[in-house]
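# Overview (structure and organization)
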Amino acid sequence: MLIAFDSRTGNVRKFVQKLPVRSVQIAEDLTLDEPFVLVTYTTGFGNAPDKVLRFLARNGSRLQGVAASGNRNWGPYFARSADTIADMYGVPILCKFELSGTAKDVETFLKEMSVVAAH
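Attention here is on the structure that accompanies the text. None of the values given here were measured: they were computed from a predicted structure. (Residues numbered from 1 in each chain as written. Predicted model: local features only at pLDDT ≥ 70, side-chain atom pairs only at ≥ 80, totals over all residues. Heavy atoms only, no water.)

With that out of the way, let us pick up the sheet that holds strand β2 (residues 23-25). Spatial ordering of the open sheet is given by β2-β1-β3-β4-β5, a layout of 5 strands whose pairing is parallel. Sheet topology places β2 and β5 (93-98) at the edges, where each strand pairs with a single neighbour. Between one strand and the next, the sheet's axes are offset by a mean angle of 20 degrees, whatever the strand orientation. As paired elements, strand β3 (residues 36-40) and strand β4 (residues 63-70) share 5 bridges and run parallel to each other. Within β4, the residue paired with Val39 across the bridge is Ala67. (Pairing = 2+ DSSP bridges. Helix = DSSP H or I, 4+ residues; strand = E, 2+ residues; numbered from the N terminus. Axes fitted to C-alpha atoms, helices over the stretch in contact; angles between N-to-C directions.)

Okay, here's the thing in structure tokens:
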């Protein structure tokens, strides 16, 4: 399954590069014609990035799951963009990870993505 991602500081890009899965970075005019999972960052006080929301407005019908990065210093707002997007599109949260993620985060993401791909 394809991963669509966006990265502001490079942490999400570093996480995605650890995954043995095809990926594409979100662009303003990108339209996907296949199912995908989203990996994004969280901005502000737990918000989903506007660019990601615009991308999902065009492609959300193919979204299968979401993961998000964040910083645990934000407490309840940690990686909250995943919660927002999961609620908006009725998809599961595959994982939340801090900064560029750990080996355990990669393992969790791949396990959860395989469950989503099997459905």
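Formed by 20 residues in total, the largest nonpolar core has its most connected members in Phe36, Leu38, Phe55, Leu56 and Ile85. Elements that contribute at least two residues to this core include exactly β1 (2-5), β3, α2 (50-59), β4 and α3 (80-89). For Leu56, the residues in contact, after removing those within four places along its chain, are Phe36, Leu38, Leu63, Ile85 and Tyr89. Formed by 18 residues, the second largest nonpolar core is a distinct cluster that contains Val16, Leu19, Val106 and Val116. (Core = buried A, V, L, I, M, F, W, Y, C linked by side-chain atoms within 4.5 Å. Buried < 20%, exposed > 50% of the residue type's maximum accessible area, 1.4 Å probe, protein only. Contact = heavy atoms within 4.5 Å.)

Further remarks concern the pattern of salt bridges. Applying the stated criterion across every chain yields a total of 5 salt bridges. For Glu28, the salt bridge goes to Arg54, with nearest N and O atoms at 3.1 Å. Taken as a pair, Glu28 in the loop between β2 and β3 and Arg54 in helix α2 lie far apart in primary sequence, 26 residues in all. (Salt bridge = Lys/Arg side-chain N within 4 Å of Asp/Glu carboxyl O.)

In short, the description is geometric, and any link to function would need to be established separately.
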